[in-house]
Amino acid sequence: MDDSTTQTREIFGDEHAEVRTQTRRFIAERIAPFHEQWEKDGRVPRSIWQEAGELGMLCPTVPEQYGGLGVDFLYSVIVMEELSLAHTTGPGFVVHSEMVTPYLVNFGTEEQKSHWLPRMVTGEVIGAVAMSEPSAGSDLRGMRTRAVRKGDGYVISGQKVFISNGQLADLFVVAAKLEDSDKISLFLVESDRPGFARGRALDKLGVHAQDTSELFFDQVTVPRENILGEEDAGLRYLRAGLARERLTIAISSQARAEAIFRDTVSYVTGRKVFEQYLSELQNTRFTLASIRAELEAGQALVDRQISRYLAGELDETTAAMAKLWVTEMQGRTADACLQLHGGWGYMREYSVARAFVDSRVDRITGGTSEIMKEIIARGIWDARR
Ligand SMILES: Cc1cc2nc3c(=O)[nH]c(=O)nc-3n(C[C@H](O)[C@H](O)[C@H](O)COP(=O)(O)OP(=O)(O)OC[C@H]3O[C@@H](n4cnc5c(N)ncnc54)[C@H](O)[C@@H]3O)c2cc1C
């Protein structure tokens, strides 16, 4: 996906080229040089959110009336791809722009939208989605966080885990069950509500610059206006959101696999073994040829799902197929490319080493590969009914 290939992808028009150049430049100048330090810090600074907001990189699809650019989803795709191509996994822009704001845009009240969206577009307010719990990840039925109706509002108690942007976020979309219900409802919870507390930033295998946290809710009172959509309808909203989330993971993973491939081509072209360049060995050539073929297949699959999304036709099953196939392909790519680097592939100074661990999570977040297979399998038998 070099410049020429990118621009020949049919889904993009001429209007996207300049945005890609600008985004790439911003990442190269304002994010990449500082990323190693942010990995040590375990988070990115808030200021980078505001800088990205100024450039229009946050929530670009949010309608103009709420401060966004009101542009198409392809502008978001560019941001996701460029962050992955640069191996800059720290800024949690995708969670914020592509997971949190769509809940507000699609299911929020007019008041919620005008209150939150303009500040999310500028990066003044950072968002996160809090679904997972220690005993409820794949199986959300095990969710224990409860919301009790009290006066003109709700009192929320429970615990969340693995929440991306958890240390930085000001606004959380929190999934909880109402006192007398087994169904999920969604609530907007601000980080300054009494009873809300952030736990530790979790010590992860990779993606070190992104703050992933535990969250605690000890009788957190929110007003009635903080419910998102209708009571008990949360699972329906989450399912709609998850299809988009899975597509975004496929988009980012595809671009990261592409970056790993490119870095490896450069490496093997310069490294000599037994008086030959690595790139001259048949094993290297065949390995990279197979990866190139898989990358082309993955890009076609991703672009097809993006087109379906743009046409309002992305469904849960095809989004699951894209996430499953592309994240597994990314895993194969990272492993094979690390091997081609030999011992240097195991050193964090090489991008392939970092990408190897950073990419591992994509087969887990947003639903594991096994859950993607469950969804696809369900689709097979549903179609026979
Ligand atoms: C870095 C990171 C960031 C994250 N960010 C967020 C976030 O922002 N917000 C949020 O809410 N969550 C987030 N998560 C949570 C993530 O979505 C869950 O980890 C994921 O859904 C899996 O749930 P679990 O960890 O409880 O694993 P489990 O559900 O306990 O799964 C354990 C194993 O069992 C398998 N399994 C489960 N069910 C089945 C089945 N029916 N058939 C076959 N196998 C099955 C799984 O595939 C897995 O291999 C994040 C996780 C990580 C690691």
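Above this text sits the structure in question.
Residues numbered from 1 in each chain as written. Predicted model: local features only at pLDDT ≥ 70, side-chain atom pairs only at ≥ 80, totals over all residues. Heavy atoms only, no water.

Quick look at the site of the ligand now. Lining the immediate environment of the ligand, one finds 16 residues, of which Ser132, Ser138, Phe162, Thr368 and Glu370 sit closest. Between the ligand and serine 138 there is a distance of 2.6 Å, counted from an oxygen atom to a side-chain nitrogen or oxygen. In this structure, a nitrogen atom belonging to the ligand sits 2.8 Å away from a side-chain N or O atom of serine 164. In isolation the ligand exposes 980 Å². Once the protein is present, 62% of that is buried. Of all the elements in the fold, those that place two or more residues in the shell around the ligand are strand 3 (153-164) and helix 12 (369-384). Here the shell around the ligand takes three residues from strand 3, the largest share from any one element. Across the shell around the ligand, the residue classes tally to seven nonpolar, seven polar and two charged. (Near = heavy atom within 4 Å. Polar contact = N/O pair within 3.5 Å; in protein donor to acceptor, adjacent residues only side chain to side chain. Areas by Shrake-Rupley, 256 points an atom, 1.4 Å probe, with all protein chains shown as cover. Helix = DSSP H or I, 4+ residues; strand = E, 2+ residues; numbered from the N terminus. Nonpolar A, V, L, I, M, F, W, Y, C, P; charged D, E, K, R; others polar.)

Now for helix 2 (residues 14-31). Along its 18 residues, helix 2 runs 26 Å from first to last C-alpha, staying within 8% of the 26 Å computed at 1.5 Å per residue. Within helix 2, the full set of buried residues consists of His16, Arg20, Thr23, Phe26, Ile27 and Ile31. An end-on view of helix 2 places all buried positions within 130 degrees of arc, on one side of the element. (Expected span 1.5 Å × (residues − 1). Buried < 20%, exposed > 50% of the residue type's maximum accessible area, 1.4 Å probe, protein only. Arc of directions from axis to C-beta.)

Turning to the pattern of salt bridges, a few remarks are in order. Applying the stated criterion across every chain yields a total of 24 salt bridges. The shortest N-O distance in the salt bridge between arginine 9 and glutamate 81 comes to 2.9 Å. Of this pair, arginine 9 sits in the loop between helix 1 (3-8) and helix 2 while glutamate 81 sits in helix 5 (residues 73-85), placing them 72 residues apart in sequence. By the burial criterion, arginine 9 is buried, and glutamate 81 matches it. We note a salt bridge from arginine 20 to glutamate 81, for which the minimum N-O separation is 2.6 Å. Of this pair, arginine 20 sits in helix 2 while glutamate 81 sits in helix 5, and the two are 61 residues apart along the sequence. (Salt bridge = Lys/Arg side-chain N within 4 Å of Asp/Glu carboxyl O.)

Counted residue by residue, strand 4 (residues 171-178) has eight buried out of eight residues, so it is predominantly covered. Sheet analysis places strand 1 (residues 127-130) next to strand 4, joined by four bridges and oriented parallel. Each bridged residue has a counterpart across the sheet, and for glycine 127 the counterpart in strand 4 is leucine 171. In the sheet, strand 2 (residues 146-150) pairs with strand 4 via two bridges, with the strands oriented parallel. What sits directly across from alanine 147, in strand 4, is leucine 178. Both strand 4 and strand 5 (residues 184-190) contribute to a ladder of seven bridges, which runs antiparallel. Residue pairing across strands places phenylalanine 172 opposite valine 189, the latter belonging to strand 5. (Pairing = 2+ DSSP bridges.)

Right, let's get into the packing of aromatic side chains. A full pass over the atoms with the stated rule returns nine aromatic pairs. Taking 6.1 Å as the distance between ring centres and 25 degrees as the angle between the ring planes, the aromatic pair formed by phenylalanine 34 and tryptophan 38 counts as stacked. When its relative accessible area of 8% is taken as the criterion, tryptophan 38 is described as buried. Arranged with centres 4.2 Å apart and planes meeting at 25 degrees, the rings of phenylalanine 107 and tyrosine 237 form a pair that is stacked. Here tyrosine 237 lies in helix 8 (residues 234-270) and phenylalanine 107 lies in helix 6 (residues 93-107), a separation of 130 residues in the sequence. Residue classification places phenylalanine 107 among the partly exposed positions, given a relative accessible area of 21%. Residue class for tyrosine 237 comes out buried when judged on its relative accessible area of 4%. One aromatic cluster is present, built from ring pairs that chain together Phe172, Phe196 and Phe217. Note that arginine 332 overlies the ring of tryptophan 325, its terminal NZ or CZ placed 5.7 Å from the centroid. (Phe/Tyr/Trp six-rings, centres within 6.5 Å; stacked < 30°, edge-to-face > 60°. Lys NZ or Arg CZ within 6 Å of the ring centre and 35° of its normal.)

Another aspect to go through is the side chain of threonine 212. Position of threonine 212 relative to the elements: it lies in strand 7 (residues 212-223). Only 3.1 Å separates the side chain of threonine 212 from the side chain of lysine 204, close enough to count as a polar contact. In contact with threonine 212, other than residues within four places in its own chain, are Phe162, Ile163, Ser164, Arg200, Ala201, Leu202 and Lys204. (Contact = heavy atoms within 4.5 Å.)

Moving on, we come to helix 10 (residues 316-340). Its 25 residues give helix 10 an end-to-end C-alpha distance of 36 Å, which sits within 8% of 36 Å, the value for a rise of 1.5 Å per residue. Measuring from the side-chain oxygen of the N-cap residue of helix 10 to the backbone nitrogen of threonine 317 gives 2.9 Å; that N-cap residue is aspartate 315. Trailing helix 10 by a residue or two, glycine 342 shows a phi angle of about 60 degrees, which is positive.

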